[in-house]
Amino acid sequence: MDADGFIQIEELTKVYSSGPVEVVALRDATVSIGRGRFVGVTGTSGSGKSTLMNLLGGLDTPSSGRIRVDGRWISELSKTDLALFRRHTIGMIFQSFNLIPSYSALENVAFPLLFADVPRKERVRRAAELLCAVGLEGRSDHRPSELSGGEQQRVAVARALVNRPTILLADEPTGNLDSRTSRQIVQMLYDLRAEQGLTIVMISHEEALLREFADELVRLQDGTVLSQETLRGRP
Amino acid sequence: MRASDYIEHAWTNLWKKKLRTALTTGGVVIGIGSLICMFAFGQGIQRNIKDRFTELELFNYINVSPRSGGGARSARLRRHAQSQPAGDPNEPIAVLDDDLLEELMRIEGIEAAYPEMRFPAQIRLGTREQFTLVQVVTSKACGSAMVQLRAGRAYASDDANEVMVSDSLLRRLDIRTAEGAVGREIEIRTVVLDFSLQSLARMAFGRGDQRLPVSNRVYSFTIAGVLERMGFGGPLPIRSDVFVPPGAAAGMRKLVLTGVSDLFQSPEETAGYSAVTVKVASTRQVMSVKASLEERGLRTFALMDQLDEMQKGFIIMDMFLLAIGMIGIAVASLGIVNTMVMSILERYREIGVMKAVGATDGDVQKIFLFESGMIGLLGGVFGLALAWAVSFVINQVVNGFAAREGVPFIQYFSFPWWLCLGGIGFSILVSLLAGIYPTRRAARVDPVVALRHD
Ligand SMILES: Nc1ncnc2c1ncn2[C@@H]1O[C@H](COP(=O)(O)OP(=O)(O)OP(=O)(O)O)[C@@H](O)[C@H]1O
Ligand SMILES: [Mg+2]
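All values derive from a computational prediction rather than experimental measurement. (Residues numbered from 1 in each chain as written. Chains lettered and ligands numbered in written order. Predicted model: local features only at pLDDT ≥ 70, side-chain atom pairs only at ≥ 80, totals over all residues. Heavy atoms only, no water.)

*Asks:* Describe the pattern of salt bridges, and please don't skip the residues or the numbers.
*Replies:* All names here are of chain B. Taken as a whole and judged by the stated rule, the model has 31 salt bridges over all chains. One salt bridge connects Glu187 with Arg124, and the closest N-O pair in it is separated by 3.7 Å. Of this pair, Glu187 sits in strand S6 (residues 185-190) while Arg124 sits in strand S2 (residues 110-125); the two residues are 63 residues apart in sequence, bridging distant segments of the chain. According to the relative accessible area criterion, Arg124 is partly exposed, its value standing at 33%. (Salt bridge = Lys/Arg side-chain N within 4 Å of Asp/Glu carboxyl O. Helix = DSSP H or I, 4+ residues; strand = E, 2+ residues; numbered from the N terminus. Buried < 20%, exposed > 50% of the residue type's maximum accessible area, 1.4 Å probe, protein only.)

As structure tokens, this is what we get:
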């Protein structure tokens with residue numbers, strides 16, 4: 001394990017307690033991810049993949065263990081600082097896209113910039129630019145319901161990247177897509193990583209897809225890290 | 001997030017749910033509208049009273065009467081009948097006669113002193129008759145600010161054979177325009193005398209029944225002018241429908257009093273007035289003038305004394321109206337709470353997205369607070385418009401009815417700037433308060449739960 005990893009996850013444990021029942025979603029997970037790497041995370045359902053991603057994205061706080069991102073121990077940040085961390089460092093995409101149905105594609109992409117105090121004109125400009133980058137120029141006025149699943153996920157990718165994050169977290173981004181569209185989306189992430197210098201952590205059931213694109217593969221089982229396999233060396 | 005972004009964002013979201021926004025805002029509009037209406041009514045009444053009083057210089061008047069209970073004439077009558085005067089025999093009993101009026105005029109600050117004399121009479125104009133009070137008013141007083149002329153002019157002199165009538169009397173006499181009445185003949189039939197005088201005379205001399213002081217003499221006058229009847233009572237110097245000048249009245253009065261007045265034929269008798277109205281040059285002098293009048297053994301009544309009481313009454317009235325208005329506000333607030341809770345449940349996932357893309361709890365709370373406040377702003381603005389519209393309609397209707405009774409047009413509602421701004425501000429404040437609970441809930445939404453797929 002690389003102690004100087006861009007992302008350093010150390011003995012991370014997350015316990016959910018709903019009443020008297022305690023569920024250990026993640027147990028002593030230790031993962032190191034280098035800058036600019038494309039890391040695939042796989043495992044059976046309930047193995048703790050989403051839990052790991054939410055902790056890494058600062059949406060949730062660990063029960064024990066710690067996470068360091070680019071030299072900062074984010075597991076020690078306050079709630080507000082975590083929000084700022086998400087705002088500036090993290091971009092997230094989800095299986096169910098999580099677009100705001102009443103907003104147009106452009107408004108959805110521009111939405112994060114609202115919280116970053118970016119002036120309106122600049123918001124529109126950057127959102128249009130990113131829609132273009134994901135190949136959706138001309139669809140900016142369409143509502144999510146007027147777009148296909150693949151197009152919706154492209155909008156979600158554009159939204160995740162609009163704040164120029166350094167890390168892109170993708171939780172089963174292809175889970176709702178057919179295999180052809182899935183490949184297109186992952187290919188797009190792959191290309192964007194090179195263009196924008198992103199570090200990508202992508203969760204997927206489809207190991208074949210991850211093996212095709214990812215540099216490393218992390219396997220989870222019952223909340224523990226089974227293995228971290230390097231598929232490709234550093235570029 | 002910038003304030004302009006919050007506002008724009010709030011507006012966009014409210015606009016997307018037009019019906020719900022309209023219904024919720026409607027509740028606020030009604031609540032705030034009725035509250036503003038209530039206050040505007042309170043303000044209108046207060047302004048009417050105060051402005052009118054000030055305009056007519058009513059705070060400058062002092063009503064003066066003799067200190068003994070039954071008025072000057074009865075006190076004098078008792079003295080004449082060698083009966084005991086009421087109260088302390090050593091207490092000076094001032095007689096309100098012309099000599100005293102002269103004396104009063106010399107008191108520092110007193111501008112004028114008008115004797116107050118009124119008598120009941122039957123009025124006839126054309127074929128219509130009305131029973132009313134006739135008041136003796138000097139021509140000087142008629143030309144002053146106390147009288148609001150509608151048509152014609154004040155009578156020429158204190159001896160002129162002219163009268164002034166109120167527009168409300170004209171209406172009761174079926175005369176539609178004030179101008180049409182000027183110059184017409186009017187008959188005043190004196191009907192009855194001072195009953196207290198009569199009864200006292202009978203008690204004192206036991207022979208009043210022989211010569212009943214009833215006269216049916218009819219006097220003809222020309223209407224010189226029409227004046228606006230004043231809407232308020234109190235110690236007004238003028239509160240009758242017909243004014244006659246003192247010269248003409250003196251002649252009438254003599255005849256009116258035929259029978260009993262023979263008994264008291266001394267000149268001082270007829271000069272005693274039941275009350276005198278004193279006009280003080282400046283309201284600041286009212287208190288000192290009052291004091292010097294009381295030193296002379298006179299009883300005084302000034303509206304100035306009532307000012308504090310009036311103010312207290314106004315405050316109580318405002319509180320009462322506020323209490324009623326708050327019912328609507330309470331209902332409207334519940335509407336806002338309901339709408340915000342609904343909106344937050346609907347946008348649960350959206351809140352998750354906000355947090356995922358970097359919104360702090362404070363950002364989320366503010367987004368929804370701005371929406372809540374926007375409902376308040378809209379409700380306040382339209383509520384003010386509603387209040388204005390309703391008050392306009394009420395004003396028209398009430399004044400329409402009142403006009404038939406001869407009451408002049410009165411603005412019953414007043415919308416001072418502080419009420420307009422305060423109403424809108426209050427609306428926003430209430431909406432923000434109503435939004436606190438739902439927006440805190442929004443801020444506490446766990447993004448992990450909100451974003452978990454189906
Ligand atoms: N809020 C919660 N309260 C209680 N238990 C939870 C909570 N969130 C997750 N869990 C449990 O933690 C474990 C890991 O959940 P997680 O969502 O990380 O799994 P996953 O690997 O993402 O599964 P999937 O592939 O189905 O998305 C599961 O057993 C789940 O039931
Ligand atoms: Mg999952």
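*Asks:* Pulling in residues and values, what's your account of helix H4 (residues 98-105) of chain B?
*Replies:* At 3.6 residues per turn, the α-helix brings residues three or four places apart onto the same side. All names here are of chain B. Looking only at H4, the buried set comprises Leu100, Leu101 and Leu104. Seen end-on, H4 carries its buried residues on one side only, within an arc spanning 105°. Facing away from the buried surface of H4 by more than 90 degrees, the exposed residues are Asp99 and Glu102. (Arc of directions from axis to C-beta.)

*Asks:* Mind laying out the sheet that holds strand S8 (residues 199-203) of chain A, listing which residues take part and the relevant values?
*Replies:* Residues and elements named next belong to chain A. With mixed pairing, the six strands of this open sheet are ordered in space as S6-S7-S8-S3-S9-S10. The open sheet terminates on both sides in strands that have one partner only, identified here as strand S6 (90-94) and strand S10 (224-230). The sheet shows a mean angle of 15° between the axes of neighbouring strands, taken without regard to direction. Two elements, strand S7 (residues 167-171) and S8, share five bridges in a ladder whose sense is parallel. Each bridged residue has a counterpart across the sheet, and for Leu168 the counterpart in S8 is Ile200. (Pairing = 2+ DSSP bridges. Axes fitted to C-alpha atoms, helices over the stretch in contact; angles between N-to-C directions.)

*Asks:* Can you break down the sheet that holds strand S2 (residues 21-33) of chain A residue by residue, with the values?
*Replies:* Where strands meet in a sheet, backbone hydrogen bonds hold them as pairs that are either parallel or antiparallel. Residues and elements named next belong to chain A. Strand order in the open sheet formed by four strands is S2-S1-S4-S5, and the pairing between neighbours is antiparallel. Two strands in the sheet have a free side with no partner beyond their single neighbour: S2 and strand S5 (72-73). Where strand S4 (residues 64-69) meets S5, two bridges bridge the pair, whose relative direction is antiparallel. Residue pairing for S5: Arg68 is matched across the bridge by Trp73. Contacting strand S1 (7-18), S2 and S4, helix H1 (residues 49-56) runs over the sheet at an angle of about 115° to S1. (Contact = heavy atoms within 4.5 Å.)

*Asks:* For unusual backbone geometry, give the residues involved together with the corresponding values.
*Replies:* Comment: phi is negative for the bulk of residues other than glycine, and the bulk of peptide bonds are trans. Here Asp70 of chain A, not a glycine, exhibits a phi torsion of approximately 50°, which is positive. With respect to the helices and strands, the residue Asp70 of chain A is situated in the loop between S4 and S5. Take Asp70 of chain A: its relative accessible area is 47%, and that puts it in the partly exposed class. At Asp174 of chain B, a residue that is not glycine, the phi angle is positive and equals roughly 70°. Mapped onto the fold, Asp174 of chain B is located in the loop between helix H6 (167-172) and helix H7 (178-181). For Asp174 of chain B, a relative accessible area of 43% translates into the label partly exposed.

*Asks:* Requested: an account of the confidence of the model for chain B, with residues and values cited.
*Replies:* Any residue range with low pLDDT should be treated as having predicted coordinates unsuitable for detailed reading. Residues and elements named next belong to chain B. Looking at chain B as a whole, its pLDDT mean stands at 77, while 78% of the residues score no less than 70. Between the elements of chain B, mean pLDDT differs from a low of 40, seen in helix H10 (residues 267-271), to a high of 94, seen in helix H15 (residues 417-443). Predicted confidence is poor over residues 69-90, with pLDDT under 50, and the contacts of this stretch with residues over four places away or in other chains come to 31 contacts. Scored below 50 in pLDDT, residues 254-271 shows 34 contacts in the model against residues more than four places distant or in partner chains. (pLDDT = per-residue confidence, 0-100.)

*Asks:* Describe the environment of Gly91 of chain A, and please don't skip the residues or the numbers.
*Replies:* Here Gly91 of chain A shows up in strand S6. Counting along the chain gives 18 residues from Gly91 of chain A to Val109 of chain A, while the straight-line C-alpha distance between them is 12 Å.

*Asks:* Provide a residue-level description of the nonpolar core, including the pertinent values.
*Replies:* Considering soluble globular proteins, one finds that nonpolar side chains tend to be buried as a cluster. Grouped together as the largest cluster of nonpolar side chains are 77 residues, with contacts concentrated most on Phe115 of chain A together with Phe368 of chain B. The dominant element in this core, judged by the number of residues it contributes, is helix H14 (residues 361-404) of chain B, at eight residues. Every residue in contact with Phe115 of chain A, bar those within four places of it in the chain, is listed here: Arg87 of chain A together with Met1, Met354, Val357, Gly358, Ala359, Asp363 and Ile367 of chain B. Among the nonpolar cores identified, the runner-up in size contains 39 residues, and Ala110, Ala127, Ala170 and Phe213 of chain A belong to it. (Core = buried A, V, L, I, M, F, W, Y, C linked by side-chain atoms within 4.5 Å.)

*Asks:* Outline the interface of chain A and chain B, supporting the account with residue identities and numerical values.
*Replies:* Residue-level contacts link 28 residues of chain A with 24 residues of chain B. Summed over both partners, the interface of chain A with chain B comes to about 2400 Å²; 56% of that surface belongs to carbon and sulfur atoms. Three residues, Leu59, Asn98 and Phe115 of chain A, lead the burial of chain A against chain B; their summed loss comes to 22% of the area buried on that side. Where chain A packs against chain B, one counts four salt bridges. (Buried area = accessible area lost by both parts, 1.4 Å probe.)

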